[in-house]
Amino acid sequence: MSRRILIVDDEQGIRAALGQLLEFEGYAVKTAANAVDGLAEYARFKPHLVFMDVKMAGIDGLEALRKLREQDQSAVVVMISGHATIQTAVEATQHGAYDILEKPLDTDRILVTLRNALAHLDLNEENARLRDSVRSRFEIVGASYAIRTVTEKIELVAKTPARVLITGENGTGKELVAQAIHANSPRAKGPFVEVNCAAIPSELIESELFGHMKGSFTGAVQDRAGKFEQADGGTLFLDEVGDMSLAAQAKVLRVLQDGVVTRIGGAKPTQVSASTNKHVEAEIAAGRFREDLYYRLNVVPIHVPPLRERREDIPLLIRHFVGLLTGHAGLTPRGMGDDAVARLTQLDWPGNVRELRNTIERLLILSSGPRITADDVDRLVGRRADSSEGGLGSLLEVPTFEEFKHAAERAYLVAKLRTYDWNVSETARALDMPRSNLYKKIERYGLSREGGVGASPVPVAGADDDEGDDT
């Protein structure tokens, strides 16, 4: 896609010369003779970059720059001045200009500035895509009453510094809830620090949480901040807090009461905010969890429902995971038949949302056609035993060697086609394969340049020409 550039200058010669240069370089160019027309053209044309003169009749360039940045904070503007001064440059920078060029304009300087500015724009766009990618991975998907109740609680509690106890079965998305609370809170710009209490040995949990001072024990060769300190100004998520030792629980209780952290071997105070997850009532009854700590943590309880209690969300989750896995994980896009969605909705999902995601990934990798069907679900997922029979839930069929081989070949072909921008002729040459053979494999595996849930394969480049027969 050609980049769009707007030139705002009251000198017709400057507009013509600069526009001709940029069009020769392959950019789409629009011009305006004054700031008022320039602002209106910006709203219509939506350029990627603006060249704007500083001195113009009526509204000058600096005032127009200020108005433009109010209209669009992401606008990339290069100012042009016939009498640039340090003061002008400072004002332009303060108003958000990317750079300032002096008249008479130098071609090389223009092109270098242009390429640097567009590279800066590319970087910002990539950062935005990465942020969207991260957000999509931690998105809470669903429209059921049960999940709406959870999201409403998130919105309310996120505005406060209250501690939250998130409960629910494995795989229901407790970490996503903690992430959502953090992202919607005033602490969103601070760190989100997760501690898996079940994965840290009991003899190390105190050092991990509270840090230590140099020389406080054998091997402590330097001061080390603990997770509480690292989370200062953000959120500390204590995952599986019920697996924490009673001694560590007592120290966590002290931190939550006093709001200060003491490192092992020293005393360094810091402010604390925390959220945690675990269903701990049974642990209290068994004497493995402190009741006073439970009440400290359980200021706002949020229970995440299992997938079997919100089956109406399963089609939405399927669509979400298909888009996520084909977009970010690079798996082959496939449609999802209504019969497959219905079959997946009927299953029990003891592993909840995590198990559903893994199942969708398996179906995308191992299904053979352009659309996933109920037969694919039965073959690759297996039929669930009735829970009333005391079964183990589901026994997954083990894919055959041929299925794994075909999945590997599909992935390899997609990678090669993407390398050559889905040009079949170039890809076939790189693979040392007749083009007709490659077309057959593309059709067999249902490969397409674009796709998604319910999408049909899209023709790929190079489908018009003929070349050779199978050899």
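Residues numbered from 1 in each chain as written. Predicted model: local features only at pLDDT ≥ 70, side-chain atom pairs only at ≥ 80, totals over all residues. Heavy atoms only, no water.

Examining the pattern of salt bridges
Taken as a whole and assessed by the stated rule, the structure comprises 18 salt bridges. When the shortest N-O distance is used, the salt bridge between Asp99 and Arg109 registers 3.4 Å. One end of the pair, Asp99, is in strand E5 (residues 99-102); the other, Arg109, is in helix H5 (residues 107-137), with 10 residues separating them in the sequence. Among the ionic contacts, a cluster of salt bridges with common partners joins Asp9, Glu11, Asp53 and Lys103. (Salt bridge = Lys/Arg side-chain N within 4 Å of Asp/Glu carboxyl O. Helix = DSSP H or I, 4+ residues; strand = E, 2+ residues; numbered from the N terminus.)

Some details on helix H6 (residues 145-158)
Here H6 contains 14 residues, and its C-alpha end-to-end distance of 20 Å stays within 8% of the 20 Å for a straight helix at 1.5 Å per residue. For H6, the complete set of buried residues consists of Ile147, Val150, Ile154, Val157 and Ala158. All buried residues of H6 lie within an arc of 95° about the axis, which places them on one face of the element. Relative to its buried face, H6 has exposed residues pointing more than 90 degrees away, namely Tyr145, Glu155 and Leu156. Contact partners of the buried residues in H6: strand E6 (164-167), helix H7 (174-183) and strand E12 (300-303). (Expected span 1.5 Å × (residues − 1). Buried < 20%, exposed > 50% of the residue type's maximum accessible area, 1.4 Å probe, protein only. Arc of directions from axis to C-beta. Contact = heavy atoms within 4.5 Å.)

Observations regarding helix H18 (residues 424-431)
Because the α-helix completes a turn every 3.6 residues, residues three or four places apart line up on one side. What H18 keeps buried is the set Val424, Ser425, Thr427, Ala428 and Leu431. All buried residues of H18 fall inside an arc of 165° around its axis, so they share one side. Measuring from the side-chain oxygen of the N-cap residue of H18 to the backbone nitrogen of Ser425 gives 3.1 Å; that N-cap residue is Asn423. Asp432 sits one or two positions beyond H18 and adopts a positive phi of about 55°. (Polar contact = N/O pair within 3.5 Å; in protein donor to acceptor, adjacent residues only side chain to side chain.)

Here's the deal with the nonpolar core
Core analysis: the largest hydrophobic core is formed by 26 residues, its most contacted members being Ile318, Met336, Leu344, Leu356, Ile360 and Leu363. Setting aside anything within four residues of it in sequence, one finds Leu363 in contact with Arg334, Leu344, Ile372, Asp376, Val377, Leu380 and Val381. (Core = buried A, V, L, I, M, F, W, Y, C linked by side-chain atoms within 4.5 Å.)

Comments concerning the confidence of the model for the protein chain
Per-residue confidence for the protein chain gives a mean pLDDT of 78, with 79% of residues at or over 70. Between residues 385-401, whose pLDDT stays under 50, and residues either more than four places distant or in other chains, the model counts 18 contacts. (pLDDT = per-residue confidence, 0-100.)

What to know about the sheet that holds E5
Pairing is parallel in the open sheet, where 5 strands are placed in the order E2-E1-E3-E4-E5. Of all the strands in the sheet, the pair left with one neighbour each is strand E2 (28-32) and E5. Neighbour-to-neighbour, the strand axes of this sheet turn through a mean angle of 20°, independent of strand direction. One ladder, built from 4 bridges, connects strand E3 (residues 49-53) with strand E4 (residues 77-81); its direction is parallel. Directly across from Met52, in E4, lies its bridge partner Met79. (Pairing = 2+ DSSP bridges. Axes fitted to C-alpha atoms, helices over the stretch in contact; angles between N-to-C directions.)

Here we look at the packing of aromatic side chains
For any pair of aromatic rings, the description consists of the separation of the ring centres together with the inter-plane angle of the planes. What the rule picks out here adds up to 2 aromatic pairs. Against the face of Phe45 rests Lys30, its NZ or CZ located 6.0 Å from the ring centre. (Phe/Tyr/Trp six-rings, centres within 6.5 Å; stacked < 30°, edge-to-face > 60°. Lys NZ or Arg CZ within 6 Å of the ring centre and 35° of its normal.)

Considering the packing of H18 against helix H19 (residues 435-445)
Across the interface, H18 lies against H19 with an axial gap of 9 Å and an inter-helix angle of 105°. When the interaxial angle is binned, H18 and H19 end up roughly perpendicular. Contacts from Val424, Ser425, Thr427, Ala428 and Leu431 in H18 reach Arg435, Leu438, Tyr439 and Ile442 in H19. (Parallel < 35°, antiparallel > 145°, perpendicular 65-115°, else oblique.)

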